[in-house]
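# Descriptive analysis of the structure
Each chain is listed here by its residues.
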There are 8 protein chains.
Amino acid sequence: MNRTEILQKLSAQELTVEEAEQLLQADSSDELGYAKIDYQREERTGVPEVIYCEGKTAQQVAGIVKNMREHGAEHILGTRCSEEKYLAAAAVCPGLQYDQTARTIVYDPEPFPLNRGKIVVACAGTSDLPVAKEAVITAKFLGNEVEELFDVGVAGIHRLLSRIEILERASVIVAVAGMEGALASVIGGLTDKPVIAVPTSVGYGASFHGVTALLAMLNSCASGVSVVNIDNGFGAGYMAHSINCLGGKREE
Amino acid sequence: MNRTEILQKLSAQELTVEEAEQLLQADSSDELGYAKIDYQREERTGVPEVIYCEGKTAQQVAGIVKNMREHGAEHILGTRCSEEKYLAAAAVCPGLQYDQTARTIVYDPEPFPLNRGKIVVACAGTSDLPVAKEAVITAKFLGNEVEELFDVGVAGIHRLLSRIEILERASVIVAVAGMEGALASVIGGLTDKPVIAVPTSVGYGASFHGVTALLAMLNSCASGVSVVNIDNGFGAGYMAHSINCLGGKREE
Amino acid sequence: MNRTEILQKLSAQELTVEEAEQLLQADSSDELGYAKIDYQREERTGVPEVIYCEGKTAQQVAGIVKNMREHGAEHILGTRCSEEKYLAAAAVCPGLQYDQTARTIVYDPEPFPLNRGKIVVACAGTSDLPVAKEAVITAKFLGNEVEELFDVGVAGIHRLLSRIEILERASVIVAVAGMEGALASVIGGLTDKPVIAVPTSVGYGASFHGVTALLAMLNSCASGVSVVNIDNGFGAGYMAHSINCLGGKREE
Amino acid sequence: MNRTEILQKLSAQELTVEEAEQLLQADSSDELGYAKIDYQREERTGVPEVIYCEGKTAQQVAGIVKNMREHGAEHILGTRCSEEKYLAAAAVCPGLQYDQTARTIVYDPEPFPLNRGKIVVACAGTSDLPVAKEAVITAKFLGNEVEELFDVGVAGIHRLLSRIEILERASVIVAVAGMEGALASVIGGLTDKPVIAVPTSVGYGASFHGVTALLAMLNSCASGVSVVNIDNGFGAGYMAHSINCLGGKREE
Amino acid sequence: MNRTEILQKLSAQELTVEEAEQLLQADSSDELGYAKIDYQREERTGVPEVIYCEGKTAQQVAGIVKNMREHGAEHILGTRCSEEKYLAAAAVCPGLQYDQTARTIVYDPEPFPLNRGKIVVACAGTSDLPVAKEAVITAKFLGNEVEELFDVGVAGIHRLLSRIEILERASVIVAVAGMEGALASVIGGLTDKPVIAVPTSVGYGASFHGVTALLAMLNSCASGVSVVNIDNGFGAGYMAHSINCLGGKREE
Amino acid sequence: MNRTEILQKLSAQELTVEEAEQLLQADSSDELGYAKIDYQREERTGVPEVIYCEGKTAQQVAGIVKNMREHGAEHILGTRCSEEKYLAAAAVCPGLQYDQTARTIVYDPEPFPLNRGKIVVACAGTSDLPVAKEAVITAKFLGNEVEELFDVGVAGIHRLLSRIEILERASVIVAVAGMEGALASVIGGLTDKPVIAVPTSVGYGASFHGVTALLAMLNSCASGVSVVNIDNGFGAGYMAHSINCLGGKREE
Amino acid sequence: MNRTEILQKLSAQELTVEEAEQLLQADSSDELGYAKIDYQREERTGVPEVIYCEGKTAQQVAGIVKNMREHGAEHILGTRCSEEKYLAAAAVCPGLQYDQTARTIVYDPEPFPLNRGKIVVACAGTSDLPVAKEAVITAKFLGNEVEELFDVGVAGIHRLLSRIEILERASVIVAVAGMEGALASVIGGLTDKPVIAVPTSVGYGASFHGVTALLAMLNSCASGVSVVNIDNGFGAGYMAHSINCLGGKREE
Amino acid sequence: MNRTEILQKLSAQELTVEEAEQLLQADSSDELGYAKIDYQREERTGVPEVIYCEGKTAQQVAGIVKNMREHGAEHILGTRCSEEKYLAAAAVCPGLQYDQTARTIVYDPEPFPLNRGKIVVACAGTSDLPVAKEAVITAKFLGNEVEELFDVGVAGIHRLLSRIEILERASVIVAVAGMEGALASVIGGLTDKPVIAVPTSVGYGASFHGVTALLAMLNSCASGVSVVNIDNGFGAGYMAHSINCLGGKREE
């Protein structure tokens with residue numbers, strides 16, 4: 001029995017208000033067999049549950065999106081989503097948008113109000129783009145203005161130095177880099193804003209799929225740098241949003 | 001006034017040799033032979049240079065403190081400081097205070113103005129105290145109200161659950177834990193505030209001096225958690241301060 | 001020719017004692033060229049030999065199942081079995097059942113008598129289901145009542161806390177989790193029952209295919225937790241059964 | 001006297017406010033500044049809080065023992081305790097006993113009632129003795145009959161094979177070994193009882209302080225083996241007790 | 001044209017000394033563009049160059065075999081050879097034989113004379129067969145009697161113990177095992193013959209593709225065990241042969 | 001009751017022959033509390049039990065030596081023995097000899113008969129001497145002629161090349177090297193004799209206490225090389241002896 | 001508008017000098033959406049930007065090559081380029097050449113003037129060829145005479161020793177090897193020229209995809225050896241060129 | 001009898017040429033029991049043998065220095081030398097100089113002629129000084145002008161950027177850094193000179209004693225960077241010299 005049916009039965013007086021409330025509460029973390037969706041999460045934390053599409057079938061992703069829409073969800077974000085899964089989900093959710101680089105799906109007709117501060121997402125090279133874009137889209141989805149500062153790797157450090165003022169406009173900075181991950185340290189040394197460092201699995205040989213960048217970022221000689229998991233663009237965007245909330249909303 | 005200007009003024013007899021010598025000594029990135037102190041850092045970033053005492057002799061620590069005081073520094077923080085080094089430094093800097101647990105030295109007669117938000121520092125067990133205290137003292141020194149929530153490890157999870165309201169009062173939370181580092185995930189799941197996780201080297205065997213806690217924290221299933229280096233209480237306190245600045249100062 | 005048939009022939013004097021002895025010896029660990037099946041294992045340990053299907057061809061799996069059935073085996077369990085291998089085996093063993101999630105094959109027309117105690121299998125997320133289900137099916141196959149407690153990861157700890165009474169009903173608990181594996185510690189802290197922790201390879205980046213969860217579980221701050229290999233649902237189910245035997249059978 | 005009782009007595013004017021305050025301070029999770037002792041743990045789980053002495057000063061260990069005795073604790077166990085710390089603790093707790101090999105302190109004038117089953121603790125070599133003994137003493141302390149089977153490493157496998165009947169008498173077996181840790185697999189192959197494997201840091205070179213034994217045990221080809229942290233004799237003894245409880249108490 | 005033919009032509013004055021020298025130089029390490037074959041290796045060491053087929057195309061393998069046959073090579077061994085590569089090589093070398101399990105190709109119409117001693121190759125499970133068979137075929141090819149002792153893993157140790165006399169007949173023993181690799185230690189403890197241990201990549205999770213077995217074997221508590229690389233059946237067979245040569249040839 | 005007492009009682013007819021035999025059997029693996037000495041090992045394997053002194057106190061080492069002498073042991077070898085432990089043992093065993101470099105104790109008034117073949121022990125640098133010497137002394141003690149070829153590291157490869165004939169005289173070669181461990185490959189390429197490679201913990205930084213040399217040796221491009229644990233000079237000497245036995249004794 | 005067009009417009013007075021300068025600056029790091037090409041790199045460093053084709057689509061590679069040609073680039077090098085990507089690029093850049101082994105694309109109608117010194121690239125086995133060839137082609141492209149010394153692995157060290165004079169003719173040596181990487185040490189010991197060591201991912205088992213060779217090379221007992229990343233033939237060729245520049249150009 | 005004495009005797013006809021040659025050969029790699037000194041190294045490679053003092057006793061260091069002086073050595077360099085060892089060596093070699101930071105001993109009354117190019121040694125922080133100084137002293141000793149650029153870590157990148165012209169004056173640059181080792185990448189991005197990167201063991205936690213810096217440097221996104229072992233200041237100085245030789249001597 002889904003939410004609509006409960007409400008219909010209530011309206012038809014086949015349920016008392018108390019029974020309906022109990023059912024709705026049970027319903028709020030809805031089970032699809034393969035997934036429980038926590039519908040009270042948005043209420044508790046201000047952020048709706050996000051769909052991690054990796055390891056789910058196209059059918060399952062579509063099922064979850066459908067279920068969310070049926071519960072009236074107005075803000076849907078899915079990450080690590082292949083094009084095939086997007087197509088399945090879009091079929092049950094018109095208006096769902098796909099970003100090929102970030103591999104995200106977004107349904108967001110009425111975006112969240114914007115936080116006052118701005119988030120800057122910087123990345124070292126073109127190979128880091130998918131992770132950087134995932135951070136950008138996550139942060140925008142959660143209600144933040146985001147400025148991109150891409151391809152500013154330290155091998156050509158003049159590209160970064162010539163745009164320092166962009167860093168200065170930020171409330172929080174996300175620094176995305178693979179290989180030796182030096183970008184986080186250089187940015188951390190140039191600014192006093194909190195820096196969220198995201199190591200990427202870009203590189204080969206002794207980059208060990210991002211471990212080298214991860215370790216380098218954890219050992220940053222600059223203060224004010226903290227780190228999320230390898231390739232975790234979503235996590236960085238979420239953390240940046242979580243920090244940016246401290247400055248309050250724009251309309252407030 | 002830089003080195004060249006000083007020398008030009010000397011040559012133009014606008015300075016006596018003595019004055020020039022003093023100025024050169026006091027030059028902005030002062031060299032003590034074993035260390036250059038960056039006296040413009042506070043101006044640039046709002047945070048004075050902090051002394052990392054490990055690997056320095058007692059004499060060197062004392063020399064740096066003395067040099068800072070002579071330059072009029074009113075905010076001095078030193079970390080990883082043994083008692084012996086403290087005593088040497090205190091001899092040249094009356095009023096210098098020592099925390100035996102955190103192993104910090106602080107000279108701070110006129111504290112920085114307070115940020116509006118509050119930082120909560122939570123730790124899992126008594127063995128994590130030195131790291132937690134380093135975070136607490138760092139954050140306080142930089143101008144933050146800090147609330148401690150110690151010994152709330154997940155093996156006795158009721159101790160944490162019964163104090164959730166403390167987490168809710170925070171702007172930022174620092175979560176300090178060794179062994180399996182589960183505290184960060186549990187706190188991350190209970191709150192929507194940004195969480196800075198600090199793995200500690202507490203544990204034995206397969207804890208690998210903090211690596212297990214570090215990895216666990218990086219893989220936290222809760223969003224809004226980012227991580228600093230093992231035992232890096234200072235870094236966590238600094239990052240928390242850096243975030244807390246977004247909320248503005250109290251007196252503003 | 002299985003054990004019973006050999007004995008019948010001996011009894012019918014169609015075989016000499018010497019011939020029977022030779023046949024029985026050859027029989028007890030039957031060789032298929034690619035595998036020796038230890039038919040006395042069930043007698044020795046109460047548990048029949050289990051087929052690990054990974055790395056075996058569909059033909060080999062079917063061959064083993066056929067051989068076991070010909071020896072009169074009434075309890076057959078195969079793990080890590082693809083659908084293709086199942087189909088090959090089912091062709092020679094009508095009644096063989098397949099679980100797509102757990103990837104197990106089971107032939108069990110007359111189940112083993114039940115142990116008195118109950119085993120609870122808990123898991124953190126939907127991605128952990130295959131491993132959790134393998135544990136469930138193994139434990140059931142060996143003669144245990146099993147209760148499932150799925151999708152109770154610590155990121156939404158209220159889901160676990162609201163079902164503590166399920167843990168209390170258990171004799172043994174299997175805790176299945178990937179990523180940072182904190183579930184084992186939290187359950188270990190909530191109960192005094194023995195907890196078998198199973199790390200899964202769920203996660204990405206610094207989860208290192210389950211190593212992080214493994215290390216975290218080995219370092220659990222809660223007592224009464226021991227650990228099996230990554231993704232080893234079978235091993236956990238077996239261990240839980242082995243423990244649960246101490247409480248005796250229900251009908252005794 | 002718990003918190004509620006104190007408050008009731010205060011309300012009933014059987015206590016002054018001052019007395020109540022003192023009692024509350026000394027209340028169930030007693031704070032010594034450096035440690036909180038969870039006095040309700042025994043009630044909740046049947047097992048009192050155990051003192052992990054490593055990383056605590058002699059004074060702190062003595063302080064905790066004294067505090068526990070003052071709260072009427074009748075069962076005290078401390079692990080990883082140096083002789084110096086024992087002496088400090090014994091001064092405030094007459095009757096406290098020390099085991100030099102296991103490095104444990106025990107105060108246990110009225111032992112817990114015995115579980116019905118027996119625990120066997122086996123170890124590979126003389127260097128594994130400290131860990132094996134810690135397991136033995138822990139299991140005995142918690143109320144179990146324990147039989148020792150020491151120095152039965154697989155390099156001289158006849159020593160183990162000639163004592164198989166000891167394994168058969170056990171409800172649970174703890175297998176302690178360093179180097180290549182093969183003992184756990186061999187015992188696991190010889191018995192159908194649950195085996196708790198404890199890797200030790202015994203060895204050199206590529207033993208990596210117990211990591212090799214740990215990995216070997218996690219990969220045991222025998223079923224019914226689970227593993228605790230390196231050198232965690234306490235954890236193994238606790239887990240074995242936790243399992244052994246399933247068989248009920250002797251006097252029941 | 002091989003070495004003998006060149007010398008014969010020289011002796012018959014069909015070649016000048018200079019021409020012969022050039023041919024011999026070109027000849028002794030023949031270049032195929034993609035590989036140099038060292039035709040004097042057999043003369044120097046008694047063992048012809050062996051073809052490692054992995055990473056070579058079917059064409060290249062066939063080319064090398066053809067070139068060797070043209071130089072009159074009477075003993076050809078190729079390892080890690082797919083069926084497709086075998087077929088290409090067999091087309092240019094009638095009589096070439098393939099072993100599907102070991103993935104070896106052998107051309108050996110007139111085998112080397114036998115060493116006096118016997119080599120026993122033991123392996124733990126059916127999954128270890130490919131590596132064990134590679135060792136068997138290599139040792140046989142180089143001129144050794146080999147006895148197989150397969151599927152004697154320590155989980156069912158009675159299977160090994162009941163065949164100790166086979167170990168006693170050996171001059172050298174090759175012990176092949178994956179997972180925890182305990183077989184090498186158990187065999188090493190049962191015999192005083194040199195044991196060459198071969199870890200295999202059999203296992204999952206914390207077996208780390210053979211690393212666990214490798215480490216366990218290096219830490220064997222039994223003396224007289226040395227180790228070759230993971231899955232290196234060829235290397236073990238070669239080493240066993242190299243040792244077995246010490247006992248002299250049978251016909252001597 | 002020790003061996004002498006048993007025999008005296010037998011002689012005094014206080015014991016029957018059967019009783020005496022039982023007692024002697026029990027006695028053969030003599031327990032000293034801290035160690036069981038396997039006195040039938042020499043009979044079983046031709047090699048007496050060797051004392052690994054690391055982790056034993058001076059008193060324990062002396063106790064074992066004394067006990068062995070009382071059982072009439074004529075061949076005693078102890079490894080990893082500090083000078084202090086030697087002195088304690090020498091006090092109860094006149095004639096015991098110490099090698100400061102190898103850190104071995106040897107009591108061997110009537111050496112074992114010599115094997116026919118010769119063992120060569122080569123090492124790369126002076127820092128590898130302790131391990132090389134342990135191999136030399138072990139091999140000599142077990143009854144082998146040993147030739148030393150020290151300080152022939154590949155950085156000055158002419159030193160090795162100018163002494164190739166020494167390698168040619170060997171039956172078995174032990175190659176000892178730290179850092180990058182290239183010596184084993186170079187020797188393996190120069191000879192067709194079995195090579196036992198011993199990595200040493202010599203080096204710094206990325207030598208990781210011998211792990212680099214260990215890995216390099218396991219990956220030797222030369223055939224006929226097998227490897228023992230890091231710094232395991234004893235194991236290499238033992239393995240070399242075990243191999244050298246195949247060639248028979250000199251006096252035979 | 002490309003560089004040529006800008007200059008033409010300037011020359012035609014359709015642009016002021018100021019406007020042209022602004023356009024050229026904007027132009028110099030041209031953005032293709034997926035890549036920024038730094039056209040002033042060649043001017044700054046004497047070396048044009050090199051295309052790393054891995055992780056780029058055939059279309060993107062072709063797009064970059066086209067864009068470079070349109071900017072008048074006369075020296076184009078692409079590495080890690082599949083045949084498919086080459087074909088796409090060749091379609092827009094006639095004269096582009098492909099090396100199947102090295103997987104490089106080169107457009108270089110008017111090569112750079114040659115450095116005076118010669119670079120020798122040595123490699124251990126045929127499997128190391130792709131990396132060695134990448135180094136050769138990179139060094140040649142940048143303006144160096146290169147001599148190849150292939151298949152000189154230390155298992156047959158006579159092949160290297162007989163060609164020492166080639167090493168002596170070099171200014172810089174690149175040593176390419178997988179497995180145990182001993183080639184770098186042996187060459188380093190034979191010469192006083194700077195040696196750039198390149199570990200390759202050639203090998204299996206404990207070669208760990210080149211990590212063993214990497215570690216061995218970092219620990220070379222020979223001086224004058226430095227190391228680049230695993231399989232980084234390009235980096236080695238670049239570094240060798242960078243060193244060789246010190247000797248000046250030939251025509252100078 | 002040292003080299004000079006041999007030659008004097010030859011000149012005095014007290015030796016035949018043959019006898020002298022034999023003596024010189026024996027002499028050239030002089031054995032001290034604990035070390036062979038290769039006196040022809042300087043002749044062969046232009047660089048005398050350097051004493052690695054770690055792991056040698058003060059007596060041994062002094063013995064080697066004495067032996068070298070007796071052979072007429074005019075250039076002596078010892079690294080990793082404690083003050084105590086220096087004092088012992090200075091007693092037998094007046095004029096021997098000690099650098100407390102670098103921990104080197106140098107005897108060099110008549111320095112080698114200078115190479116034309118200049119070497120710059122840059123380091124990130126004061127804790128890297130010992131390694132940087134070892135590189136400086138090594139390079140100077142071998143005949144190079146060296147310029148120091150210390151304390152230019154990327155956390156305060158303005159310090160490096162303001163001194164770029166120093167980098168431009170160099171022929172070769174040595175970049176020394178611990179923690180995340182980003183200095184090498186930043187310098188590599190700023191210059192086209194060959195950069196030798198030296199990771200140091202400076203840092204804590206996840207710096208893993210220099211492994212993080214090592215990995216980061218191997219993965220530098222800048223070209224023209226190669227790496228030596230952790231803390232290997234000597235190796236970097238030697239490599240830089242080896243490169244700098246290409247530019248020829250100043251007096252040439």
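Residues numbered from 1 in each chain as written. Chains lettered and ligands numbered in written order. Predicted model: local features only at pLDDT ≥ 70, side-chain atom pairs only at ≥ 80, totals over all residues. Heavy atoms only, no water.

When its secondary structure is counted, chain A shows eleven helices and eleven strands. For chain A, the residues scored as buried account for 60% of the 252 residues in total. In chain A, the proportion of contacts linking residues at least 24 apart, taken out of those at least 6 apart, comes to 67%. Total accessible area computed for chain A in this model is approximately 9,500 Å², and 48% of it derives from carbon and sulfur atoms. (Helix = DSSP H or I, 4+ residues; strand = E, 2+ residues; numbered from the N terminus. Buried < 20%, exposed > 50% of the residue type's maximum accessible area, 1.4 Å probe, protein only. Contact = heavy atoms within 4.5 Å. Areas by Shrake-Rupley, 256 points an atom, 1.4 Å probe, with all protein chains shown as cover.)

The next point concerns the interface of chain A and chain B. Residue-level contacts link 26 residues of chain A with 26 residues of chain B. When the two sides are added together, the surface that chain A and chain B hide from each other amounts to roughly 2,200 Å², 63% of it contributed by carbon and sulfur. When residues of chain A are sorted by the area they lose upon contact with chain B, Leu218(A), Met239(A) and Leu246(A) head the list and together hold 27% of the total. Run the count over chain A and chain B and you get six residue pairs in polar contact (both at pLDDT 80 or more). Of all the secondary-structure elements, those providing two or more residues to the side of chain A that touches chain B are β10 (195-199), α10 (211-218), β11 (225-227) and α11 (233-244) of chain A. (Buried area = accessible area lost by both parts, 1.4 Å probe. Polar contact = N/O pair within 3.5 Å; in protein donor to acceptor, adjacent residues only side chain to side chain.)

It is worth spelling out the relation of the copies chain C and chain B at this point. Relating one copy of the chain to the other takes a rotation about an axis and a shift parallel to that axis. In the superposition of chain C on chain B (RMSD 0.4 Å, axial shift 0.0 Å), the rotation amounts to 180 degrees. Viewed as a symmetry operation, the transformation between the two copies matches a two-fold axis. In terms of proximity to the rotation axis, the leading residue of chain C is Ala182(C), whose C-alpha is 2.6 Å off the axis. The fraction of interface residues of chain C whose copies in chain B are also interface residues reaches 100%, indicating that both copies meet through the same surface. (Least-squares fit on C-alpha atoms with pLDDT ≥ 70 in both.)

In screw terms, the move from chain A to chain B is a rotation of 180 degrees and a rise of 0.0 Å along the axis, fitting with an RMSD of 0.3 Å. Comparing interface residues between copies, 100% of those in chain A also lie at the interface in chain B; the contact surface is shared.

On to the interface of chain C and chain B, then. Accessible area lost on assembly of the parts is the figure often given for the size of an interface. Contacts between the two partners involve 23 residues from chain C and, on the opposite side, 23 residues from chain B. Both sides of the chain C and chain B interface together cover about 1,900 Å² of buried area, and 72% of this is carbon and sulfur. Considering only the side of chain C, the residues that lose the most area to chain B are Glu180(C), Asn219(C) and Cys221(C), jointly responsible for 30% of the buried surface there. Summed over the shared surface of chain C and chain B, the result is zero salt bridges. At the junction of chain C and chain B, the tally comes to eight residue pairs in polar contact (both at pLDDT 80 or more). Of all elements in the fold, only α9 (182-190) and α10 (211-218) of chain C reach the threshold of two or more residues within the side of chain C that touches chain B. Considering every element that reaches the side of chain C that touches chain B, the biggest residue donor is α9(C), with five residues. A class-by-class count of the residues in the side of chain C that touches chain B yields 16 nonpolar, six polar and one charged. (Salt bridge = Lys/Arg side-chain N within 4 Å of Asp/Glu carboxyl O. Nonpolar A, V, L, I, M, F, W, Y, C, P; charged D, E, K, R; others polar.)

Residues and elements named next belong to chain A. Ordered by their spatial adjacency, four strands build an open sheet running β3-β4-β6-β5, and the pairing between neighbours is mixed. The open sheet terminates on both sides in strands that have one partner only, identified here as β3 (51-52) and β5 (97-99). As defined by bridge partners, strand β4 (residues 76-79) adjoins strand β6 (residues 104-107) across three bridges and the pair is classed as antiparallel. Residue pairing across strands places Gly 78 opposite Ile 105, the latter belonging to β6. (Pairing = 2+ DSSP bridges.)

In this section: the pattern of salt bridges. Inspection of the entire model under this criterion finds 64 salt bridges over all chains. Between Arg169(A) and Glu147(A) there is a salt bridge; the shortest N-O distance is 3.1 Å. Here Glu147(A) lies in strand β8 (residues 145-149) and Arg169(A) lies in the loop between α8 (164-168) and β9 (172-177), a separation of 22 residues in the sequence. We note a salt bridge from Glu74(E) to Arg69(E), for which the minimum N-O separation is 3.5 Å. On the basis of relative accessible area, Glu74(E) is assigned to the partly exposed category, the value being 32%. A single salt-bridge network, built from bridges that share partners, covers Lys118(A), Glu147(A), Glu165(A) and Arg169(A).

Interhelical geometry of helix α10 (residues 211-218) of chain B versus α10(C) gives an angle of 125 degrees and a closest axis separation of 9 Å. Regarding the angle of α10(B) to α10(C), the classification is oblique. Of the two possible hands of crossing, α10(B) and α10(C) adopt the one that is left-handed. Contact residues: Thr212(B), Leu215(B) and Ala216(B) in α10(B); Thr212(C), Leu215(C) and Ala216(C) in α10(C). Taken together, the residues that form the contact of α10(B) with α10(C) break down as four nonpolar, two polar and no charged. (Axes fitted to C-alpha atoms, helices over the stretch in contact; angles between N-to-C directions. Parallel < 35°, antiparallel > 145°, perpendicular 65-115°, else oblique. Left-handed = near helix turned anticlockwise from the far one by under 90°.)

Before going further, it helps to examine the packing of aromatic side chains. Residue and element names in this part refer to chain A. Inspection of every chain in the model, using the stated rule, returns 32 aromatic pairs over all chains. With 4.8 Å between their ring centres and 15 degrees between their planes, Tyr 86 and Tyr 98 make a pair best called stacked. Of the two residues, Tyr 86 is situated in helix α5 (residues 83-92) and Tyr 98 in strand β5; the sequence distance between them amounts to twelve residues. Note on Tyr 86: relative accessible area 17%, which makes it buried. (Phe/Tyr/Trp six-rings, centres within 6.5 Å; stacked < 30°, edge-to-face > 60°.)

In this section: helix α11 (residues 233-244) of chain B. Compared with an ideal rise of 1.5 Å per residue, which puts twelve residues at 16 Å, α11(B) spans 16 Å between its outermost C-alpha atoms and is within 8% of the ideal. For α11(B), the buried fraction is high: twelve of the twelve residues fall into the buried class. (Expected span 1.5 Å × (residues − 1).)

Reading across the sheet, the four strands line up as β3-β4-β6-β5 (chain G) and stay open at both edges, with mixed pairing between neighbours. The open sheet has two edge strands with one neighbour each: β3 (51-52) and β5 (97-99) of chain G.

With that settled, consider the environment of Asn67(B). All names here are of chain B. On the secondary structure map, Asn 67 appears in helix α4 (residues 58-70). Overall, Asn 67 belongs to the buried group, its relative accessible area being 4%. As a C-alpha pair, Asn 67 and Val 92 span 25 residues in sequence and 9.6 Å in three-dimensional space.

As a further point, take the environment of Gly178(A). Residues and elements named next belong to chain A. Of note, Gly 178 is situated in the loop between β9 and α9 (182-190). Classification of Gly 178 by relative accessible area gives buried; the value is 5%. Measuring from C-alpha to C-alpha, the distance between Gly 178 and Ser 201 comes to 5.9 Å, with 23 residues separating the pair along the chain. Other than its neighbours up to four places away in sequence, Gly 178 contacts Asp 128, Thr 200, Val 202 and Ala 213.

Further remarks concern the packing of helix α4 (residues 58-70) of chain A against α5(A). Residues and elements named next belong to chain A. Where α4 meets α5, the axes come as close as 8 Å, and the angle between the chain directions of the two elements is 35 degrees. The hand of the α4/α5 crossing is right-handed. Side by side, α4 and α5 meet where Ala 58, Val 61, Ala 62, Val 65 and Lys 66 of the first sit next to Glu 84, Lys 85, Ala 88, Ala 89 and Val 92 of the second. Grouping the constituent residues of the contact of α4 with α5 by class yields seven nonpolar, no polar and three charged.

A negative phi holds for most residues other than glycine; trans holds for most peptide bonds. Positive phi, normally seen in glycine, also occurs at Arg80(C), with a value near 50 degrees. Looking at the element boundaries, Arg80(C) is found in the loop between β4 (76-79) and α5 (83-92). Positive phi, normally seen in glycine, also occurs at Asp151(H), with a value near 60 degrees. Mapped onto the fold, Asp151(H) is located in the loop between β8 (145-149) and α7 (158-161).

Moving on: the pairing of strand β7 (residues 118-123) of chain B. Residue and element names in this part refer to chain B. Of all six residues in β7, six are buried, a share of seventy percent or more. Alternating positions in β7 separate into two faces, Lys 118, Val 120 and Ala 122 on one and Ile 119, Val 121 and Cys 123 on the other, with burial throughout. As paired strands, β7 and strand β8 (residues 145-149) are joined by five bridges and run parallel to one another. Counted as the bridge partner of Val 121 is Glu 148 from β8. Following the backbone out of β7, through helix α6 (residues 129-141) and into the adjacent parallel β8, one traces a crossover that is right-handed. The pairing of β7 with strand β9 (residues 172-177) spans five bridges and is classified as parallel. Bridged to Ala 122 within β9 is Ala 175. (Right-handed = clockwise from strand over helix to strand, strands pointing away.)

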